[in-house]
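What follows is the residue order along each chain.
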Amino acid sequence: GKKDAIILRNEYFDDMRGQRTGFRTKYTEHLLSWNHWIGTTIVFRPELRYEHAYDAPAYDSGSKKSQLMFAADMIWLF
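Participant: Can you walk me through the layout of surface pockets in this structure?
Facilitator: Here the largest pocket defines a volume of roughly 220 Å³. If you go around the largest pocket, the residues you meet are Glu 11, Tyr 12, Phe 13, Thr 21, Phe 23, Tyr 27, Thr 28, Glu 29, Glu 51, Ala 58 and Tyr 59. Counting residues per element, the ones that place at least two in the lining of the largest pocket are strand S1 (4–15) and strand S2 (25–38). Along the lines of polarity and charge, the residues of the lining of the largest pocket split into 6 nonpolar, 2 polar and 3 charged.

Participant: Looking at this structure, how should I read the environment of Pro 46?
Facilitator: By the secondary structure assignment, Pro 46 is in strand S3 (residues 42–53). The exposure class assigned to Pro 46 is buried, which follows from its relative accessible area of 13%.

Participant: Is there a simple way to think about the sheet that holds S3 in this case?
Facilitator: Strand pairs in the sheet, formed through backbone hydrogen bonds, run parallel or antiparallel to each other. Spatially, the 4 strands line up as an open sheet ordered S1-S2-S3-S4, and their pairing is antiparallel. Among the strands making up the open sheet, the edge pair consists of S1 and strand S4 (66–76). With strand direction ignored, the average angle separating the axes of adjacent strands in the sheet is 20°.

Participant: Teacher, can you tell me more about the packing of aromatic side chains here?
Facilitator: Each aromatic ring pair is characterised by the separation of its centres together with the angle its planes make. Applying the stated criterion across every chain yields a total of 4 aromatic pairs. Judged by centre distance (6.3 Å) and plane angle (80°), the rings of Tyr 27 and Tyr 59 are edge-to-face. You can see Tyr 27 sitting in strand S2 and its partner Tyr 59 sitting in the loop between S3 and S4, a full 32 residues away along the chain. For Tyr 27, a relative accessible area of 8% puts it in the buried group. Each ring, one from Trp 34 and one from Phe 44, has its centre 6.1 Å from the other, and the planes form 90°; the classification is edge-to-face. Highlighted residues: Trp 34 in strand S2 and Phe 44 in strand S3, separated in sequence by 10 residues. The exposure class of Phe 44 is partly exposed, given its relative accessible area of 27%. Through pairs of rings, three or more aromatic residues link up here, namely Phe 13, Tyr 27 and Tyr 59.

What counts, and where the lines are drawn
Residues numbered from 1 in each chain as written. Predicted model: local features only at pLDDT ≥ 70, side-chain atom pairs only at ≥ 80, totals over all residues. Heavy atoms only, no water. 1 Å grid on protein atoms, 1.4 Å probe; cavity = no way out; pocket = protein on both sides within 12 Å on 5 of 7 lines; lining within 4 Å. Points joined across faces, edges and corners; volume = space filled by probe spheres on them. Helix = DSSP H or I, 4+ residues; strand = E, 2+ residues; numbered from the N terminus. Nonpolar A, V, L, I, M, F, W, Y, C, P; charged D, E, K, R; others polar. Buried < 20%, exposed > 50% of the residue type's maximum accessible area, 1.4 Å probe, protein only. Pairing = 2+ DSSP bridges. Axes fitted to C-alpha atoms, helices over the stretch in contact; angles between N-to-C directions. Phe/Tyr/Trp six-rings, centres within 6.5 Å; stacked < 30°, edge-to-face > 60°.

Quick look at the structure:
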């Protein structure tokens, strides 16, 4: 309905010197999110995100190249 939105986002990032993440590698992120308005001021936003580092194991203290994450938040607009 008018209170719901499905979001699909794909991103690419190249940290050529490792200055932003601490690892010199290329990254991709794929995200699926559902935004649901509660009334007119609150947005509930759960998401499922997969991230991958291509040239170095940048996740889990430098031991993994990928991670899958589920997160949720609520945004209050005022």
